Amino acid sequence: MKTIGITTTVPIEVLLAAGYQPVDLNNLFIGSIERERMVSIAERAGFPQNCCTWIKGIYGVCLEHDVKNVLCVTTGDCSNTTMLMEVLRLKGVDVLPFAYPEQPDAVLMQKALQNLAQTLGTTIAKAEKVRKELERARQLAWKLDELTWRDGLVSGLESHYWLVSTSDFNGDYMEYERRLGGLLAEAKGRKPYHDDFLRLAYIGVPPVFAGGLYPYIEQNGARVVFNEIQLQFAMPHPGSSLAEQYSNYTYPYSIRGRAKDIVTELHRRRIDGVIHYVQAFCHRGIGDIIFRHAIHLPVLTLEGNTDFTLNAHVKTRIEAFLDMLRRRATTTSGTSGG
Ligand code: SF4
């Protein structure tokens, strides 16, 4: 199979049906031990300091790994991708644009999928067959989510990693199934997290410092039981067709749709507080205003840039937030009890 880089979650069923192996360039970048060098490759090429680290990282890994084909999402993801696409084209990369419809509408989505299938020389019927093949891997990812929030058997970091990996199933969905199946079997024998742990939601794009963030939260007596966008990558509302699946996927559309989904999950998962992660220089950061309006729980907004580990300032803010949530929980239970 020919490799094709992807800049965010896309209908990979169509790519697989066309004989391409999708590789999520974000995961390739953030999983690299040379992340800083990937960013510096982009900066040396002229990407400005005030450009998002994910965009620079994607550019760096494309050049470093000699990625020849990239599917760039031009509507429904990132305002920077259009220019990234132009620069990659200039460097000889074969880029293919893909636009999510403006609204989550299955008819419009079907047209977008058909255009993509036609461009890649495949059909929707073949892509629907791939959707069936991926069902088992997606079901395991939903099970992982359930074991995280309902049964307290899976950590926030494990949830993050396995859900975020559904964008490309780490390049091999059968291996993903095998490894995740093994983890779930092992998790069922674990001792559950204690009820005293505060329950947090993580909303926003995946953090650049995931490896530090989730364990630090747990060291301080709380845990993430809802990874919003990561769960969306796993298509938790698949419907009965690709067009429905990618219309029910909230990330590419209006932030109001995301807020509605988030509020429902906050109730269902009995969340105490929310961490909203924003990436420095990202337009999505402005959405903080909308989330704070929609969410009637304490929200901590954390910004990440090029620090791949948690710095002292972020750690202090997390600790202060958790202290406040604990005081709030005590006051609330005191009030209702008395
Ligand atoms: S974090 Fe924001 S600016 Fe960066 S790639 Fe994602 S959407 Fe674009």
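Summarised in this report is the structure supplied together with it. (Residues numbered from 1 in each chain as written. Predicted model: local features only at pLDDT ≥ 70, side-chain atom pairs only at ≥ 80, totals over all residues.)

This next bit is on the packing of helix α3 (residues 35-45) against helix α4 (residues 53-64). Put simply, α3 and α4 touch, their axes get as near as 7 Å, and they point 90 degrees apart. Taken together, the axes of α3 and α4 lie roughly perpendicular to each other. Facing R35, M38, V39, I41, A42 and E43 of α3, the residues of α4 in contact are T53, K56, G57, Y59, G60, V61, L63 and E64. When its residues are assigned to classes, the contact of α3 with α4 shows seven nonpolar, three polar and four charged. (Axes fitted to C-alpha atoms, helices over the stretch in contact; angles between N-to-C directions. Helix = DSSP H or I, 4+ residues; strand = E, 2+ residues; numbered from the N terminus. Parallel < 35°, antiparallel > 145°, perpendicular 65-115°, else oblique. Contact = placed C-beta atoms within 7 Å. Nonpolar A, V, L, I, M, F, W, Y, C, P; charged D, E, K, R; others polar.)

With that settled, the discussion passes to the sheet that holds strand β3 (residues 69-75). Reading across from one edge, β2-β1-β3-β4 is the order of the four strands in this open sheet, with parallel pairing throughout. With partners counted over all chains shown, the strands left at the sheet margins are β2 (20-24) and β4 (94-99), one partner each. On average, adjacent strands in this sheet sit at an angle of 30 degrees to one another, irrespective of strand direction. Direction of pairing for β3 relative to β4: parallel, over a ladder of six bridges. Within the sheet, the bridge partner assigned to C72 lies in β4 and is P97. Each of β3 and β4 touches helix α5 (residues 81-90); the most contacted strand, β3, lies at about 155 degrees to it. (Pairing = 2+ DSSP bridges.)

To continue, consider the pairing of β3. Inspection of the sheet shows strand β1 (residues 2-6) paired to β3 by two bridges, in the parallel sense. Of the residues in β3, the one forming a bridge with I6 is L71. Between the parallel pair β3 and β4, the chain is carried across by α5, and the sense of this crossover is right-handed. (Right-handed = clockwise from strand over helix to strand, strands pointing away.)

What follows deals with the sheet that holds strand β6 (residues 222-227). Pairing is parallel in the open sheet, where four strands are placed in the order β6-β5-β7-β8. Each having just a single partner strand, β6 and β8 (299-304) make up the two edges of the open sheet. Each adjacent strand pair in this sheet contributes to an overall mean axis angle of 30 degrees, direction not counted. Sheet strands in contact with helix α10 (residues 210-219) are β5 (198-204) and β6, and its direction is about 135 degrees off that of β6.

Let us look at α5. Those residues of α5 not exposed but buried are T81, L84, M85 and L88. Buried residues in α5, looked at end-on, bunch into an arc of 105 degrees, giving them a common side. Exposed and oriented more than 90 degrees from the buried face of α5 are E86 and L90. At the exit of α5 stands G92, carrying a positive phi of roughly 95 degrees. (Buried ≥ 20, exposed ≤ 12 C-beta atoms within 10 Å, placed from the backbone. Arc of directions from axis to C-beta.)

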